[in-house]
Amino acid sequence: MKLSKYRVEPGQDIILGDFDTHDNGGWERGAAESRTAELNSRLEYLQELLYAERRHKVLFVIQATDTGGKDGTIRHVFDKVNPQGVKVASFKKPTEVELAHDYLWRIHHHTPGAGEITIFNRSHYEDVLVVRVHDLVAPERWKRRYDHINNFEKMLADEGTTIVKFFLHISKDEQRERLQDRIDTPRKNWKFELGDLRERELWDDYQAAFTTMLERTSTEHAPWFVIPADRKWFRNLLISEIVVDTLERLDMSWPDPEPGIEGLVIE
Ligand code: AMP
Ligand code: MG
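Residues numbered from 1 in each chain as written. Chains lettered and ligands numbered in written order. Predicted model: local features only at pLDDT ≥ 70, side-chain atom pairs only at ≥ 80, totals over all residues. Heavy atoms only, no water.

In terms of regular secondary structure, the protein chain is built from 10 helices and five strands. The C-alpha radius of gyration of the protein chain comes to 20 Å, within 12% of the 18 Å expected for a compact globule of 267 residues. Put simply, the protein chain has 267 residues, and 47% of those count as buried. Taking all contacts inside the protein chain whose residues are at least 6 apart in sequence as the whole, residues at least 24 apart take part in 82%. A total accessible area of about 14600 Å² is found for the protein chain, and carbon and sulfur atoms account for 49% of it. Side chains of the protein chain carry 38 positive and 48 negative charges; the gap between the two charge centres is 3 Å. (Helix = DSSP H or I, 4+ residues; strand = E, 2+ residues; numbered from the N terminus. Rg over C-alpha atoms; globule rule 2.2 N^0.38 Å. Buried < 20%, exposed > 50% of the residue type's maximum accessible area, 1.4 Å probe, protein only. Contact = heavy atoms within 4.5 Å. Areas by Shrake-Rupley, 256 points an atom, 1.4 Å probe, with all protein chains shown as cover. Lys, Arg positive; Asp, Glu negative; His and termini not counted. Charge placed at Lys NZ, Arg CZ, Asp CG, Glu CD.)

Okay, here's the thing in C-alpha cells:
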C-alpha cells in the first residue's frame, strides 16, 4: 500500500474537508482483515526484536475527533503484541498538580525508554486542541505551543526516539451514528456523556484546530498521518501497515549471543 499518500508533508496546506474519511484504499473488508491479522503477527515478532535489541525507542501518538476510534485502534493494531512490550499512556483532563506545571511536564516521563513502544492515547496535542477550542489559556499562549512541541519532539528524536503520529479522521455524519449507537446500545451507554453533544456543536472549531496542528507540527522526524477512519477495518489496516513499516525501517537484528554459548550442552 502507498503509505506516503496519507502522510502530511512539512508545511503542507491542509483542507480537512478534502480528505475522504470513507476511503478504503481499494480494499474489501475480508481481505483487509486477513492482511491486518498477518501484520499483527509481524508486529508481535518486531516488538520482541525491538525489546531484545534495546536500541530504539518508539512513540506512536493518536489524536482523533470524539468517537474517532482511538481505543478500538489500540485494541486491534496491538492485538497480538505481548502486553509487557507495549505501554499505553492516556491523557485525560489535567489534575490540579499537572495544571500547576507546564503542559509538557506530565507528558515527558511517559515517553518510551530503549526497547520500548509507547502509545499516547491523546497527548500534548490536547494543549493546542481542546485548550484552544475552549479558550482554556489565552491565544498568545497556545499559539507559542506549536514551536515548543516541535522542539520537544526534535529533542526526543535527536536522543533516539522514533515518532509517528496518527490523526483519526471521521465525518460528522459518522460521528452522529457512533454517538447514537452509544445511546441506543446498553453496553455502550457508559461511553456517552452529555458533554459529547456540546463538543459536537464545536465541530468546526475542532476541525480548524486539527488543521493548524497538522500544518504546523508534521515534521521529518515526527510526521502526521491522516487516517480515513469511517471504516474501522480500513483504519486498522492502514495503521497496522504504518506501524509495521516504521519498525521494519529500524533495521534491527537479534543481539549477538554471549561468547562461549555456541555448542554448549546443558547437563
Ligand atoms: P476521554 O478520552 O473520553 O476519556 O476524555 C478525556 C477528556 O480529557 C477529553 O474531554 C479531553 O479533551 C480532556 N483532556 C485531555 N487533555 C486535556 C488537556 N490538556 N486540557 C484539557 N482537557 C484535556
Ligand atoms: Mg469521551
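What follows continues from the structure just given.
Attention shifts here to the pattern of salt bridges. Enumeration over the complete set of coordinates arrives at 19 salt bridges. A salt bridge links Arg-35 to Glu-241; its shortest N-O distance comes to 3.0 Å. Residue Arg-35 is located in helix 1 (residues 29–53), and its partner Glu-241 is located in helix 10 (residues 232–248); the two are separated by 206 residues in the primary sequence. Taking the relative accessible area as the measure of exposure, Arg-35 reaches 28% and is therefore partly exposed. (Salt bridge = Lys/Arg side-chain N within 4 Å of Asp/Glu carboxyl O.)

Turning next to the nonpolar core. Ranked by internal contacts, the top residues of the largest apolar core, which has 37 residues, are Phe-78, Phe-166 and Leu-247. Listing elements by their share of this core, those giving two or more residues are helix 1, strand 1 (57–64), helix 2 (70–77), strand 3 (117–121), strand 4 (161–169), strand 5 (224–228) and helix 10. The element contributing the most residues to this core is helix 10, with nine residues. Excluding residues within four positions of it along the chain, Phe-166 makes contact with Phe-60, Val-61, Ile-62, Gln-63, Trp-224, Phe-225, Ile-227, Ile-239, Ile-242 and Val-243. (Core = buried A, V, L, I, M, F, W, Y, C linked by side-chain atoms within 4.5 Å.)

This brings us to the packing of aromatic side chains. All chains considered together, the criterion is met by 10 aromatic pairs. Ring geometry for Tyr-45 and Trp-254: centres 5.7 Å apart, planes at 80 degrees, overall edge-to-face. A residue pair is termed long-range when its members are at least 10 positions apart, and Tyr-45 in helix 1 and Trp-254 in the segment after helix 10 qualify at 209 residues. Look at Tyr-125 and Trp-224: their rings are 4.9 Å apart centre to centre, the planes differ by 70 degrees, and that puts the pair in the edge-to-face class. Of this pair, Tyr-125 sits in the loop between strand 3 and helix 5 (130–133) while Trp-224 is found in strand 5, placing the two residues 99 residues apart along the sequence. Comparing Tyr-125 with Trp-224 shows no difference in burial state: the two are buried. For the cation-ring pair, Arg-54 lies above Tyr-51, with the distance from its terminal atom to the ring centre recorded as 4.4 Å. (Phe/Tyr/Trp six-rings, centres within 6.5 Å; stacked < 30°, edge-to-face > 60°. Lys NZ or Arg CZ within 6 Å of the ring centre and 35° of its normal.)

The environment of ligand 1 is formed by Phe-91, Lys-92, Lys-93, Pro-94, Arg-106, Arg-122, Glu-126, Asp-127, Val-130, Val-131 and Leu-136. Separating an oxygen atom of ligand 1 from a side-chain N or O atom of Arg-122 is a distance of 2.9 Å. The side chain of Glu-126 places a nitrogen or oxygen atom 3.5 Å from an oxygen atom of ligand 1. Burial of ligand 1 by the protein chains amounts to 72% of its free accessible area of 500 Å². (Near = heavy atom within 4 Å. Polar contact = N/O pair within 3.5 Å; in protein donor to acceptor, adjacent residues only side chain to side chain.)

There is a patch of like positive charges on the surface, built from Arg-75, Arg-187, Lys-191 and Lys-232. Counting through the fold element by element, Lys-191 comes out in the loop between helix 7 (172–184) and helix 8 (195–201). (Patch = residues over 30% accessible without salt bridge, like charges linked within 9 Å, V, L, I, M, F, W, Y side chains within 5 Å.)

Limitation: the analysis is restricted to geometry and does not speak to function.
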